[in-house]
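Here are the chains, one letter per residue:
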Amino acid sequence: MRHYLLRVLMLFAMACGFSVPAMASTDLFKGGHAKYLFLVNTFPDDSLFRDVIDTPSVDQFGDLRLNFGWQKDRVGLVADYQFIAGKGDGFVLASSLPGNLLIPRRVPSDQFRLMDLTHVISESSDSIVEHRLDRLYIDVTTTSAVARIGRQAISWGNGLIYTPMDFFNPFDPSAVDKEYKTGDDMLYGQYLRQNGDDAQAVWVFRRDLAGEVTSDVDSIAAKYHGFAAESEYDLLLAEHFDDTIAGIGGITNIGGAIWRGDITLTDTETDEIFSLVTSLSYSWIGWGKNISGIIEYFYNGFGIADGNYSQAALAENPDLVERIARGELFTLGRNYLAASAMIELTPLWLLTPNVFINASDGSMLMQLVSSYDFRQDWRFLAALGLPAGPAGTEYGGIDSGVPGKTLSTDISLFAQLAWYF
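Note that this is a predicted model, so its numbers are computed, not measured. (Residues numbered from 1 in each chain as written. Predicted model: local features only at pLDDT ≥ 70, side-chain atom pairs only at ≥ 80, totals over all residues. Heavy atoms only, no water.)

Next up on the list: the pairing of strand β18 (residues 378–388). Bridge count between strand β17 (residues 363–375) and β18: 10 bridges; the pairing is antiparallel. In the strand pairing of β18, Leu368 is matched with Leu384. Connecting β17 to the next strand, β18, in antiparallel fashion are two residues, including Asp377 with a positive phi near 75 degrees. As paired elements, β18 and strand β21 (residues 412–420) share eight bridges and run antiparallel to each other. Note on β21: the bridge partner recorded for Phe380 is Leu417. (Pairing = 2+ DSSP bridges. Helix = DSSP H or I, 4+ residues; strand = E, 2+ residues; numbered from the N terminus.)

What follows is the structure, given as structure tokens:
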């Protein structure tokens with residue numbers, strides 16, 4: 001199968017006029033996956049979404065990923081190809097309620113990235129087929145440094161669920177499949193000191209709303225990671241869009257537990273915003289099973305403290321709306337508490353109950369995730385989600401602006417079958 005996929009790619013490149021050097025397939029093809037996702041959402045009677053689509057809504061996605069890499073001495077090339085197909089009610093909902101903050105784009109887009117490496121093959125009101133390069137970069141490595149340019153992904157910060165220091169395409173805290181972050185076009189460098197400390201720097205290039213490449217929407221950031229006795233620390237300084245961000249974080253042991261966290265201060269055009277995440281994680285054996293637990297508190301300085309998420313209140317908080325629209329934040333409120341426990345039922349079957357609580361309005365999202373490797377190279381991932389809270393709250397359903405209607409969801413089911421090769 002690997003040789004066949006490699007041959008198809010090489011023939012395609014040759015047909016496009018590229019010169020393909022002779023090399024062994026093991027020097028180029030690094031594997032990949034094929035995934036099928038079945039997603040079901042239900043809506044309560046007062047949900048505005050029911051005015052657009054029926055309940056339950058059903059969406060299906062297919063994702064083929066082929067990872068390629070080539071290395072020659074200190075120079076390497078990485079190219080990860082994606083073929084994505086999606087169909088369902090969620091596309092109808094997104095097209096019927098454009099610009100709604102609670103309806104994310106169903107598939108990745110390169111609209112605001114420097115390089116347009118995504119091509120939509122076909123698109124309708126309820127479906128899309130596209131292919132893209134999610135990674136495309138060249139790197140040069142030495143014994144103490146790395147320089148990399150192109151489409152790539154990085155993750156910074158010490159938050160396990162909420163990540164205020166990671167503002168480069170972070171995952172939604174309630175996301176079930178977190179295997180790959182969406183890549184950005186950037187210049188990245190890392191220098192490793194002899195004592196184990198390291199310094200990293202990135203320059204992310206973007207396009208503005210008009211499609212122009214401008215420094216107004218760039219991100220330039222540097223982070224220093226160091227060790228102090230049995231602890232680790234991070235120092236961050238960044239210019240992100242029009243904001244200046246400073247951050248400090250760290251990890252240390254407390255008894256048998258691990259305490260970690262980050263603090264950020266963002267200087268916006270109108271205010272200075274403080275955010276914080278802190279967590280305790282601990283592993284133990286219970287009922288004869290290995291269990292790893294996390295409890296995490298998140299203070300979202302951009303969030304709304306009084307629980308008023310009306311359209312007028314959101315309009316008065318452009319800093320929050322901008323970050324949600326850019327996919328940097330996923331929370332409306334100010335204070336959050338999350339808990340998670342990964343239970344190893346068997347070495348191949350993990351069960352993870354999660355709860356995400358908006359402590360500012362009393363609403364919550366309960367989630368039960370199951371990951372089962374039922375055969376070699378095959379995995380079944382499933383999740384059941386249940387939001388709870390009165391109308392007007394984040395998880396209970398915020399005001400839609402239409403009298404008697406809320407932007408609310410009910411029980412959801414996520415089921416994904418993945419094959420790795």
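With that settled, the discussion passes to the side chain of Asp234. By secondary structure assignment, the location of Asp234 is in strand β10 (residues 231–240). In terms of polar contacts, Asp234 uses its side chain to reach the side chain of Lys223, at 3.1 Å. In this structure Asp234 touches Asn158, Lys223, Tyr224, His225, Gly247, Ile248 and Gly249, once residues within four positions along its chain are discounted. (Polar contact = N/O pair within 3.5 Å; in protein donor to acceptor, adjacent residues only side chain to side chain. Contact = heavy atoms within 4.5 Å.)

Another aspect to go through is helix α4 (residues 318–325). All of the buried residues along α4 are Asp319, Leu320, Arg323 and Ile324. With its buried residues spanning 130 degrees around the axis, α4 presents them on a single face. (Buried < 20%, exposed > 50% of the residue type's maximum accessible area, 1.4 Å probe, protein only. Arc of directions from axis to C-beta.)

A separate point is the packing of aromatic side chains. Considering all chains together, one arrives at 18 aromatic pairs under this definition. Here Trp203 and Phe205 contribute two aromatic rings whose centre-to-centre distance is 4.9 Å and whose plane-to-plane angle is 40 degrees, an arrangement assigned as tilted. Taken together, the ring pairs in this structure connect Phe29, Phe68, Trp349, Tyr372, Phe374, Trp378, Trp419 and Phe421 into an aromatic cluster. Above the ring of Phe91, the side-chain terminus of Arg106 is found at 5.9 Å from the ring centroid. Taking NZ or CZ as reference, Arg326 lies 3.9 Å from the ring centre of Phe241, over its face. (Phe/Tyr/Trp six-rings, centres within 6.5 Å; stacked < 30°, edge-to-face > 60°. Lys NZ or Arg CZ within 6 Å of the ring centre and 35° of its normal.)

Our focus in this paragraph is the environment of Trp156. Relative to the elements of secondary structure, Trp156 occurs in the loop between β6 (145–152) and β7 (184–192). It is 25 Å that separates the C-alpha atoms of Trp156 and Leu66, two residues lying 90 residues apart in sequence. Non-local contacts of Trp156, meaning those with residues more than four positions away in its chain, are made with Met165, Asp166, Phe168, Gln200, Val202, Ala221, Ala222, Lys223 and Leu236. Side-chain polar atoms of Trp156 contact the side chain of Gln200, separated by 3.2 Å.

Here we take up the nonpolar core. Counting residues in hydrophobic clusters, the biggest one holds 27 residues, and the most contacted among them are Phe49, Tyr162, Leu320, Leu332 and Phe356. For this core, the secondary structure elements donating two or more residues are β13 (272–286), α4 and β15 (335–346). Counting 13 residues, the second largest nonpolar core, distinct from the first, contains Ile154, Phe168, Tyr188 and Leu236. (Core = buried A, V, L, I, M, F, W, Y, C linked by side-chain atoms within 4.5 Å.)

What follows covers the environment of Ser279. The residue Ser279 is located in strand β13 in this model. Apart from residues no more than four positions distant in its own chain, Ser279 is found in contact with Leu160, Ile258, Trp259, Arg260, Ile294, Ile295 and Glu296.

A word on a nonpolar patch on the surface. Taken together, the side chains of Trp70, Val75, Leu77, Ile138, Val140, Ile149, Leu187, Trp203 and Ile220 define a hydrophobic patch exposed on the protein surface, amounting to about 750 Å² of accessible area. Every element with two or more residues in the nonpolar patch is listed here: β3 (75–88) and β5 (127–141). Checked against the element boundaries, Leu77 lands in strand β3. Residue classification places Leu77 among the partly exposed residues on the basis of a relative accessible area of 37%. (Patch = residues over 30% accessible without salt bridge, like charges linked within 9 Å, V, L, I, M, F, W, Y side chains within 5 Å. Areas by Shrake-Rupley, 256 points an atom, 1.4 Å probe, with all protein chains shown as cover. Salt bridge = Lys/Arg side-chain N within 4 Å of Asp/Glu carboxyl O.)

Let us now look at unusual backbone geometry. Between Thr55 and the following residue, Pro56, the backbone shows a cis peptide bond with an omega angle of 0 degrees. Its place among the elements puts Pro56 in the loop between β1 (29–41) and β2 (57–72). Non-glycine residue Asn169 carries a positive phi angle of around 55 degrees. Here Asn169 lies in the loop between β6 and β7. The backbone phi angle of Trp287 is positive, close to 55 degrees, even though this residue is not glycine. Position of Trp287 relative to the elements: it lies in the loop between β13 and β14 (289–299).

What follows concerns the confidence of the model for the protein chain. Looking at the protein chain as a whole, its pLDDT mean stands at 92, while 94% of the residues score no less than 70. Overall, residues 1–26 carries pLDDT values under 50, and its contacts beyond four positions in sequence, including any with other chains, amount to 18 contacts. (pLDDT = per-residue confidence, 0-100.)

Here we take up the side chain of Ser400. Relative to the helices and strands, Ser400 is located in the loop between β19 (398–399) and β20 (406–407). A residue is classified by how much of its surface remains accessible, and Ser400, at 12% relative accessible area, is buried. A distance of 2.8 Å separates a polar atom in the side chain of Ser400 from the backbone oxygen of Lys405. Contacts of Ser400, omitting those with residues within four sequence positions, involve Leu48, Gln311, Lys405, Thr406 and Leu407.

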